[in-house]
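# Understanding the architecture of this molecule
Read off the chains here:
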Amino acid sequence: MTLRFIALLAFAGLGSLRGASDVHAKQFAIYYSFDHAPLLLLVSTIQEEFGRVMAPANIDVAWREINKQNGGDYADIYVVRFRGDCSIMPPGESKAAVTSAERGLGETSITDGHVLPFAEVRCDVLRRYVSIGPRESSDAISIMGRAIARITAHEIYHMMTGSVRHCGSGIAQAEYSTRDLTAAQFAFGAPEITRMKEKASGRGEAYAPKAEFPGPRPAL
Ligand SMILES: [Zn+2]
């Protein structure tokens, strides 16, 4: 078995340091964990932004914290682990330079050509890209939450469609700039929305293993 990853990268140079009426959503579940206990506002911001970018695809997601809420009957289950410190870096705190080997903001596991339902979001790398300047604390948390939600949506796209492909623009592109991460608006392109909508309606043909949770998780 060969295990590899599809990585979502950050632009190396910028790190200054749904619609058819006959489509009915099936509910998917995201089982998630944080390395460090997050603020409730951060979690709610992530879920709200994720819901906003997935809404055009009629994607209905239940968020379930690993080890706390394991019940449920879902169309598919995806596991997302938020690695490192997901809090915003305070203004003035020095940022260690992000090396080319560290540019991965998120990744999804692949084995034997199949996309597995396991992904990670690398908060420790992300927080070194997202610069907020002096802002109200709640604004800073919202910006970080928005960025985390977009990386999460990118990885869910891979898992939901079973595709390792990226597109030229939008959330399914291969690399994000700081602006992509933090701008007020950033969305999937129309073709990607269509693919996920087909998956949600059961018309997609993508490989989508039924994960038994908690199931075996590939070593990273
Ligand atoms: Zn990707």
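Residues numbered from 1 in each chain as written. Predicted model: local features only at pLDDT ≥ 70, side-chain atom pairs only at ≥ 80, totals over all residues. Heavy atoms only, no water.

### Observations concerning the coordination of the zinc ion
As a benchmark, a tetrahedral metal site with four donors has ideal angles of 109.5 degrees, while an octahedral site with six donors has ideal angles of 90 or 180 degrees. Protein coordination at the zinc ion: the donors are His 154 (NE2), His 158 (NE2) and His 166 (NE2), at 2.0 Å from the metal. Sequence spacing of the donors to the zinc ion: H-x3-H-x7-H. With His 154 and His 158 both in helix α3 (residues 137-161) and 4 residues apart, the pair spans about one turn of that helix. Exposure class is identical for His 154 and His 158. Each is buried. (Donors = N, O, S within 2.8 Å, 3.2 Å for Na, K, Ca; no water. Helix = DSSP H or I, 4+ residues; strand = E, 2+ residues; numbered from the N terminus. Buried < 20%, exposed > 50% of the residue type's maximum accessible area, 1.4 Å probe, protein only.)

### Remarks on the pairing of strand β3 (residues 60-65)
Each regular strand carries side chains that alternate between the two faces of the sheet. As paired strands, strand β2 (residues 27-34) and β3 are joined by 6 bridges and run parallel to one another. Bridging from a neighbouring strand, Phe 28 pairs with Val 61 of β3. For the crossover from β2 across helix α1 (residues 40-54) to β3, the handedness is right-handed. (Pairing = 2+ DSSP bridges. Right-handed = clockwise from strand over helix to strand, strands pointing away.)

### Description of the state of the cysteines
Across all of its chains, the model carries 1 disulfide by this definition. Shown here is the disulfide that connects Cys 86 with Cys 123, its sulfur atoms set 1.9 Å apart. Linking Cys 86 and Cys 123, the disulfide has an S-S dihedral of approximately 75° and is accordingly described as right-handed. Of this pair, Cys 86 sits in the loop between β4 (77-83) and β5 (104-111) while Cys 123 sits in helix α2 (residues 123-129); the two residues are 37 residues apart in sequence, bridging distant segments of the chain. Cys 123 shares its class with Cys 86; the two are buried. (Disulfide = S-S within 2.5 Å.)

### Thoughts on the pairing of β2
For β2, a buried count of 7 out of 8 residues is recorded, marking the element as mostly surrounded by other parts of the structure. One ladder, built from 6 bridges, connects β2 with β4; its direction is parallel. Residue pairing for β4: Ala 29 is matched across the bridge by Ile 77.

### Some thoughts on the side chain of Thr 161
Of note, Thr 161 is situated in helix α3. A residue is classified by how much of its surface remains accessible, and Thr 161, at 5% relative accessible area, is buried. Polar side-chain contacts of Thr 161 include one of 2.7 Å to the backbone oxygen of Tyr 157. (Polar contact = N/O pair within 3.5 Å; in protein donor to acceptor, adjacent residues only side chain to side chain.)

### Observations concerning the pattern of salt bridges
Under the counting rule described, the total for this entry stands at 8 salt bridges. Where Asp 35 meets Arg 83, a salt bridge forms, and the shortest distance between an N and an O atom there is 3.1 Å. Of this pair, Asp 35 sits in the loop between β2 and α1 while Arg 83 sits in strand β4, and the two are 48 residues apart along the sequence. Overall, Arg 83 belongs to the partly exposed group, its relative accessible area being 26%. By sharing partners, the salt bridges in this structure join Asp 35, Arg 83 and Glu 120 into a single network. (Salt bridge = Lys/Arg side-chain N within 4 Å of Asp/Glu carboxyl O.)

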